[in-house]
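# A look at the structure
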2 protein chains.
Amino acid sequence: MNDTVKYLLDEPRIPKSWYNLMADLPSPPPPVLHPATHEPVGPDDLAPLFPMSLIAQEVATERAVEIPAPVREIYKLWRPTPLYRARRLEKALDTPARIYYKYEGASPAGSHKPNTAVAQAFYNKEAGVKRITTETGAGQWGSALAFAGALFGIEVQVFMVRVSWDQKPYRRAFMETYGARCVPSPSNETASGRAVLAKDAQHPGSLGIAISEAVEVAAGREDTKYALGSVLNHVLLHQTVIGQEALAQFEIADDYPDVIVGCTGGGSNFSGIVFPFLGIELRGGRKVRVVAIEPAACPSLTRGKYAYDYGDTAHLTPLAKMYTLGSAFTPPGFHAGGLRYHGMAPLVSHLKELALIEARAYHQTKCFDAGVQFARAEGILPAPEANHAVLGAIEEALKCKEEGVSRAILFNLCGHGHFDMQAYIDYFAGRLVDQNYDEGELAMALAGLPSVRAA
Amino acid sequence: MNDTVKYLLDEPRIPKSWYNLMADLPSPPPPVLHPATHEPVGPDDLAPLFPMSLIAQEVATERAVEIPAPVREIYKLWRPTPLYRARRLEKALDTPARIYYKYEGASPAGSHKPNTAVAQAFYNKEAGVKRITTETGAGQWGSALAFAGALFGIEVQVFMVRVSWDQKPYRRAFMETYGARCVPSPSNETASGRAVLAKDAQHPGSLGIAISEAVEVAAGREDTKYALGSVLNHVLLHQTVIGQEALAQFEIADDYPDVIVGCTGGGSNFSGIVFPFLGIELRGGRKVRVVAIEPAACPSLTRGKYAYDYGDTAHLTPLAKMYTLGSAFTPPGFHAGGLRYHGMAPLVSHLKELALIEARAYHQTKCFDAGVQFARAEGILPAPEANHAVLGAIEEALKCKEEGVSRAILFNLCGHGHFDMQAYIDYFAGRLVDQNYDEGELAMALAGLPSVRAA
């Protein structure tokens, strides 16, 4: 028996279209509402922020959305990505489970984020946009957009949460090497940033504030648009190349996942691997159990409310119905920065409502235990976000062992941890604590959810 | 015309043997000598440090050395690596040249070093070795051996040059996550380390000192051997998977390199891509121009002497005839730590003597200029070492433009720069200076070369 089992696909098998889950849902998700009127937003409401082609994708209902040739050209740099069978981990766990992982960390930016960054940069370029603004927390998304901007010759301005700006100079340097301009947020460059700084000149920032700043800049300039790295339908759509490739790779493996595990922050890597499999189930095909793993310190799916909420702190964005901890909620500063968002993608939230997916929340230290075990067995050192998925897969595999059954478990290893070594240093030094959010703060943030007429 | 041209190979085309240049050389390189007797070393002299199988490879003369199945199993994690045509860079340079690069940075450790680390760990495991000691400067090699040790269940102890230990905590954490034990060198764990510390308790360390420490520990324990990440024949041998794959990929591309450019520190990534092509030339096949690029601050091939010298500072290693700046030479602290070694691999030195390769030396800032241009055009951010090869390739491409001819240029992109962002930060901040070595120190180091009867 071989120790390394890697399923590759030829380049022509990079998907030619993205898979749109909308086409197969039993009911559509509730509409996104205008923040002032609470009426469903129309394309014109979003036009200051996004090119029309992306707005169209946000509400598209056809099952297959063609991937433009220039986007596939750039995907070819690192796609198709490998699907591995984790035989060494299986041996270490002594489990009858068949563990598979799709590895997105070999992209030039080190994560799955370029799948949508490249697409978004392309559509913006096509629309004549000169500059894209965005926010970044951990830096995976900012790096991906900086990379995509360099290839399409578009300026990228990244509002980087100040605490990350201070703690992650290497992430910043990575973005700047691609030519992006990084600004610590809250900044003096926007009214929303200045308002925060006026109250607290040392404010550490948050994703919600950074989104407000990026949106404000884009809304105020004709040649500038905004890009988001998760949450929105079109972003999730672009990530479905992951699951589509995995489907083809499972055919080669002559196997099929019984359970899929993904980590969830905004929901994009999770959706990318899950949606194509769920689509099969929804069209009457084979069922698959799906488990979303979120951080216990920011547990939108397991502790949040399914309600209309803003995407940002300054309430500049539309209202979306989603599992949310409230836009005023500030999660504690744990290490999986990519999972520190108060809301969950509306589409993923809708799936939870439809009971098509489960959710579990983990504290971070046992996720790092799992990540280190994975690194020593399989040789790839995961990003802290991905460690949540690793632990989820290990728990499923140990359950197989207990029950004496072999199930196929698939998870998405969404990025490598080469930029996250400080987290591993803290882990080995015993400085990594399992932080809990403040229950009182959560209650207040939930109480402060906007009141929206039943939609 | 496609923008992304990537030549892949199927997994079964991972080479089944390493290519041994020894078989095709017009004359063998001078023998390695015992440090005390100055007689050629025999297998028994090396037995305390290396398993017999590696000692045999050190002097092997057959053209093809079979790659053991368990080594190929692990190679499958990331091999075959892609060969890219750098069309976006060609456009940016407006050159008629055809630029190709082989990318070794997608390995789990981020560089070409696992090609030999995995092989060395395998042969040690096979010989019943429990622990491997080694040294690391920039950390690429230490990371690779830590990775390989984890997969084979061998303890790895890394003597890390103290200045790197202080400056690169993330590299250290990377090795420790794989389970390796890192020790700052000079250390109190060895007599050679204590001798250095007795003179200077704050000594910043050097690769030469770290080698002495690692060798001393291995020589003193039955269950412990030593591993080197470059310079030695068997290390260069293991890297030839790179060039062999590239040959197969050029066949698919229906092209052939007119010139191959590689960066040289100890010589391993250079040899890996170059030897299989040189072998064809030496067997009467197509000729190829080969250019070694070294740092101007540590220019063994362009400013060193071809002479017998020690590999380490404490003179515990055998004497090898090589281009050397003298084992007492301490290069200034520039950022391509992987190129900071006083000597050059004996086999590479021999090729220079035979006029089969050329050499050029570059200062670091223009290498970073080239690396940033490459990152923005091709999307991959190179390690500082690899930037030397990038600049070499760009210069060759610009020469094509001047002359109005199209030549095929191949270089090895030996690693990504995700662990080297401090160097990029210094570059963008204008803090990167082109350091020169001290001419007086070089003269003294050369004057101090051991006197060896003509061999």
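Being a predicted model, the structure only gives us computed values, none of them experimental.

### Topic: the overall build of chain A
If you tally the helices and strands in chain A, you get 19 helices and 15 strands. Structurally, chain A occupies a C-alpha span of about 60 × 50 × 45 Å along its principal axes. Taken across its 455 residues, chain A has 66% of its residues classed as buried. Carbon and sulfur atoms form 52% of the exposed surface of chain A, whose accessible area is close to 14900 Å². Of the charged side chains in chain A, 43 are positive and 49 negative, and the gap between their average positions amounts to 3 Å.

### Digging into the packing of aromatic side chains
Inspection of every chain in the model, using the stated rule, returns 45 aromatic pairs over all chains. Here the aromatic rings of Tyr75 of chain B and Trp78 of chain B are separated by 6.0 Å at their centres, their planes lie at 75°, and the arrangement is edge-to-face. Trp78 of chain B shares its class with Tyr75 of chain B; the two are buried. Judged by centre distance (6.2 Å) and plane angle (90°), the rings of Phe250 of chain B and Phe277 of chain B are edge-to-face. Here Phe250 of chain B, found in helix H12 (residues 241-253), pairs with Phe277 of chain B, found in helix H13 (residues 268-282); they are 27 residues apart in sequence, far enough to count as distant. For Phe250 of chain B, a relative accessible area of 1% translates into the label buried. Ring-pair connections join several aromatic residues into one group, and the members of that group are Tyr75, Trp78, Phe147, Phe174, Tyr178 and Phe419 of chain A. Sitting over the ring of Tyr323 of chain A, Lys352 of chain A keeps its end group 4.8 Å from the ring centre.

### Digging into the relation of the copies chain B and chain A
For the match of chain B to chain A, the screw axis carries a shift of 0.0 Å, the RMSD comes to 0.0 Å, and the turn is 180°. Classification of the inter-copy transformation places it as that of a two-fold axis. Within chain B, the C-alpha atom positioned nearest to the axis of rotation is that of Ala106 of chain B, 2.9 Å from it. Taken as a fraction of all interface residues of chain B, those also at the interface in chain A reach 100%, which identifies the copy contact as same-surface.

### Considerations on the sheet that holds strand S7 (residues 155-161) of chain B
All names here are of chain B. Spatial strand order, S8-S7-S6-S9: four strands in an open sheet with parallel pairing. The open sheet has two free edges, formed respectively by strand S8 (181-185) and strand S9 (224-226), since each of these has just one partner strand. Neighbour-to-neighbour, the strand axes of the sheet open up by a mean angle of 25°, direction not taken into account. Note: strand S6 (residues 131-136) against S7, six bridges, orientation parallel.

### A look at the sheet that holds strand S15 (residues 408-413) of chain A
Residue and element names in this part refer to chain A. Read from one edge of the open sheet, seven strands run S1-S4-S5-S15-S10-S11-S14, paired in mixed fashion. A strand with exactly one partner marks an edge of an open sheet, and here the two such strands are strand S1 (5-7) and strand S14 (358-362). Strand-to-strand twist of the sheet, defined as the mean angle between neighbouring strand axes without regard to direction, takes the value 25°. Sheet analysis places strand S5 (residues 98-103) next to S15, joined by six bridges and oriented parallel. In the strand pairing of S15, Lys102 is matched with Asn412.

### Re the pattern of salt bridges
For side chains of opposite charge, pairing can occur when their charged atoms come near one another. Residues and elements named next belong to chain A. For the coordinates displayed, the defined rule picks out 48 salt bridges over all chains. With a shortest N-O distance of 3.6 Å, Glu396 and Lys399 are connected by a salt bridge. Remark: Lys399 and Glu396 occur in helix H17 (residues 384-403); sequence separation between them is three residues, near one turn of the helix. Accessibility expressed as a relative area gives 28% for Lys399, which makes it partly exposed.

### Let's talk about the interface of chain B and chain A
Contacts between the two partners involve 43 residues from chain B and, on the opposite side, 44 residues from chain A. Between chain B and chain A, a total of about 3900 Å² is buried, with carbon and sulfur atoms accounting for 58% of that surface. Among the residues chain B hides against chain A, the three largest losses belong to Tyr170, Thr177 and His418 of chain B. Together they make up 18% of the total. Here chain B is connected to chain A by zero salt bridges. At the junction of chain B with chain A, the criterion picks out 22 residue pairs in polar contact (both at pLDDT 80 or more). Residue assignment for the side of chain B that touches chain A shows that the elements contributing at least two residues are helix H3 (69-75), helix H6 (140-152), helix H8 (169-177), helix H16 (364-378) and helix H18 (421-428) of chain B. Partitioned by chemical class, the residues of the side of chain B that touches chain A number 24 nonpolar, eight polar and 11 charged.

### Points about the pairing of strand S11 (residues 289-295) of chain B
Side-chain direction in a regular strand flips from residue to residue, so the side chains alternate between the two faces of the sheet. All names here are of chain B. With respect to burial, S11 is a largely interior element, six of its seven residues being buried. Alignment of strand S10 (residues 259-263) against S11, held across five bridges, turns out to be parallel. Its bridge partner lying in S11, Val261 is registered against Val291. One crossover worth recording links S10 to the parallel S11 by way of H13, and it is right-handed.

### A few points about the environment of Tyr178 of chain B
You can see Tyr178 of chain B is positioned in the loop between H8 and S8. Tyr178 of chain B sits 32 residues away from Ala146 of chain B along the chain, and the two C-alpha atoms are 5.7 Å apart. Sequence-distant contacts of Tyr178 of chain B, defined by excluding residues within four places in its chain, comprise Ala375, Arg376, Gly379, Ile380 and Leu381 of chain A together with Pro108, Ser143, Ala146, Phe147 and Ala150 of chain B.

### Focus: the packing of H12 of chain B against H13 of chain B
When two helices pack together, you describe them by how their axes are tilted relative to each other and by the distance separating the axes. Residue and element names in this part refer to chain B. Closest axis-to-axis distance for the H12/H13 pair is 6 Å, and the angle between their directions is 60°. The orientation of H12 with respect to H13, classified from their angle, is oblique. Considering only the axes of H12 and H13, their crossing is right-handed. Here Ile242, Gly243, Gln244, Ala246, Leu247 and Phe250 of H12 come into contact with H13, specifically with Gly272, Ile273, Pro276, Phe277 and Ile280. Taken together, the residues of the contact of H12 with H13 sort by class into eight nonpolar, three polar and no charged.

### Notes on the nonpolar core
Trp18 and Phe411 of chain A together with Trp18 and Phe411 of chain B are the most contacted members of the largest nonpolar core, which has 307 residues in total. Every residue in contact with Phe411 of chain B, bar those within four places of it in the chain, is listed here: Ile99, Tyr100, Tyr101, Lys102, Val261, Ile273, Phe374, Ala389, Val390 and Ala393 of chain B.

### Observations regarding unusual backbone geometry
The omega torsion of the bond from Ser185 of chain A to Pro186 of chain A falls at 10°, within 30 degrees of zero and hence cis. One can find Pro186 of chain A in the loop between strand S8 (181-185) and helix H9 (191-199). Of note, the phi angle at His38 of chain B is positive, near 60°, even though the residue is not glycine. With respect to the secondary-structure elements, His38 of chain B resides in the loop between strand S2 (17-19) and helix H1 (43-46). One non-glycine residue, Asp94 of chain B, lies in the positive phi region at around 50°. Relative to the helices and strands, Asp94 of chain B resides in the loop between helix H4 (87-93) and strand S5 (98-103).

### Regarding helix H16 (residues 364-378) of chain A
Residue and element names in this part refer to chain A. Helix length check: H16, at 15 residues, gives a terminal C-alpha distance of 20 Å against a target of 21 Å (1.5 Å per residue), a fit within 8%. Within the span of H16, buried status applies to Gln364, Cys367, Phe368, Ala370, Gly371, Val372, Phe374, Ala375, Ala377 and Glu378. Just past H16, the residue Gly379 takes up positive phi, approximately 90°.

### Re the environment of Asp420 of chain A
Residues and elements named next belong to chain A. Assignment of secondary structure puts Asp420 in the loop between S15 and helix H18 (421-428). For Asp420, a relative accessible area of 5% gives the class buried. Between the C-alpha atoms of Asp420 and Tyr170, which are 250 residues apart in sequence, the distance is 9.7 Å. Not counting the four nearest positions on each side in its chain, Asp420 is found in contact with Gln140, Lys168, Ala383 and Pro384.

### Observations regarding the environment of Gln422 of chain A
For Gln422 of chain A, the position within the fold is in helix H18. Look at Gln422 of chain A and you get partly exposed, because its relative accessible area is 30%. On a C-alpha basis, the gap between Gln422 of chain A and Gln167 of chain A in space is 9.0 Å, while along the polypeptide they are 255 residues apart. The contact partners of Gln422 of chain A, leaving out residues within four places of it in the chain, are Arg431 of chain A together with Tyr170 of chain B.

About the criteria used
Residues numbered from 1 in each chain as written. Chains lettered and ligands numbered in written order. Predicted model: local features only at pLDDT ≥ 70, side-chain atom pairs only at ≥ 80, totals over all residues. Heavy atoms only, no water. Helix = DSSP H or I, 4+ residues; strand = E, 2+ residues; numbered from the N terminus. Buried < 20%, exposed > 50% of the residue type's maximum accessible area, 1.4 Å probe, protein only. Areas by Shrake-Rupley, 256 points an atom, 1.4 Å probe, with all protein chains shown as cover. Lys, Arg positive; Asp, Glu negative; His and termini not counted. Charge placed at Lys NZ, Arg CZ, Asp CG, Glu CD. Phe/Tyr/Trp six-rings, centres within 6.5 Å; stacked < 30°, edge-to-face > 60°. Lys NZ or Arg CZ within 6 Å of the ring centre and 35° of its normal. Least-squares fit on C-alpha atoms with pLDDT ≥ 70 in both. Contact = heavy atoms within 4.5 Å. Pairing = 2+ DSSP bridges. Axes fitted to C-alpha atoms, helices over the stretch in contact; angles between N-to-C directions. Salt bridge = Lys/Arg side-chain N within 4 Å of Asp/Glu carboxyl O. Buried area = accessible area lost by both parts, 1.4 Å probe. Polar contact = N/O pair within 3.5 Å; in protein donor to acceptor, adjacent residues only side chain to side chain. Nonpolar A, V, L, I, M, F, W, Y, C, P; charged D, E, K, R; others polar. Right-handed = clockwise from strand over helix to strand, strands pointing away. Parallel < 35°, antiparallel > 145°, perpendicular 65-115°, else oblique. Left-handed = near helix turned anticlockwise from the far one by under 90°. Core = buried A, V, L, I, M, F, W, Y, C linked by side-chain atoms within 4.5 Å. Expected span 1.5 Å × (residues − 1).

None of the figures reported here should be taken as evidence of function without further support.
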